[in-house]
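Next come the chains, spelled out residue by residue.
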Amino acid sequence: MIKNQRVTKNHLFSQSPGNIVSDMDGEKVMLSVQKGKYYNLGELGGEIWDLMKEPVTIQELVAALQSQYDVEQTKCEKQVTDFINQLLEQGLVKIEDRINS
């Protein structure tokens, strides 16, 4: 579990292995096999989860969501960052530094 990790634009996020995810009436639910806990990611959280199959930045997540929804960038960034932080606290995503090449 990551605590007090500051999410920045230079981080990449991806799904942690060992989670079983299913669609239920348009929302994603997840079972963390490691923790033995269920999570309801909701519709939007499920979309973000799907986008994290490969390492992705907050900016890439925001751009993808803005292409589908009418949402102001600052508000979207805050909500995505908050959601990512919740996933990090539960150990459901991996975080790594982006390597600038």
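Fair warning: this is a prediction, and the values are worked out from it, not measured in the lab.

**Q** Let's hear about the pattern of salt bridges: which residues, and what values?
**A** Following the criterion strictly, the structure yields three salt bridges and no others. D23 is paired through a salt bridge with K28; the nearest N and O atoms lie 2.9 Å apart. What makes D23 exposed here is its relative accessible area of 54%. When its relative accessible area of 11% is taken as the criterion, K28 is described as buried. Salt-bridge contacts for K78 lead to D82; the nearest nitrogen and oxygen are separated by 2.8 Å. With a gap of four residues between them, K78 and D82 both fall in helix α3 (residues 73-89), about one helical turn apart. Looking at K78, the relative accessible area reads 51%, which means it is exposed. A single network of salt bridges, built from pairs that share partners, joins D23, K28 and D50.

**Q** Describe the layout of surface pockets, and please don't skip the residues or the numbers.
**A** The probe, sized like a water molecule, is rolled over the atoms to show the empty space still left. The volume enclosed by the largest pocket comes to roughly 170 Å³. Lining the largest pocket are L41, L44, G45, I48, L65, Y69, V71, C76, Q79, V80 and F83. When contributions to the lining of the largest pocket are tallied by element, the ones reaching two or more residues are α1 (42-51) and α3. Broken down by element, the residue count for the lining of the largest pocket peaks at four residues, all from α3. Per-class residue counts for the lining of the largest pocket are nine nonpolar, two polar and no charged.

**Q** Tell me about the side chain of N19, and name the residues and values.
**A** You can see N19 is positioned in strand β2 (residues 19-24). The residues touching N19, leaving out its near neighbours within four places in the chain, are M30, L31, S32, W49 and L92.

Cut-offs and rules
Residues numbered from 1 in each chain as written. Predicted model: local features only at pLDDT ≥ 70, side-chain atom pairs only at ≥ 80, totals over all residues. Heavy atoms only, no water. Salt bridge = Lys/Arg side-chain N within 4 Å of Asp/Glu carboxyl O. Buried < 20%, exposed > 50% of the residue type's maximum accessible area, 1.4 Å probe, protein only. Helix = DSSP H or I, 4+ residues; strand = E, 2+ residues; numbered from the N terminus. 1 Å grid on protein atoms, 1.4 Å probe; cavity = no way out; pocket = protein on both sides within 12 Å on 5 of 7 lines; lining within 4 Å. Points joined across faces, edges and corners; volume = space filled by probe spheres on them. Nonpolar A, V, L, I, M, F, W, Y, C, P; charged D, E, K, R; others polar. Contact = heavy atoms within 4.5 Å.

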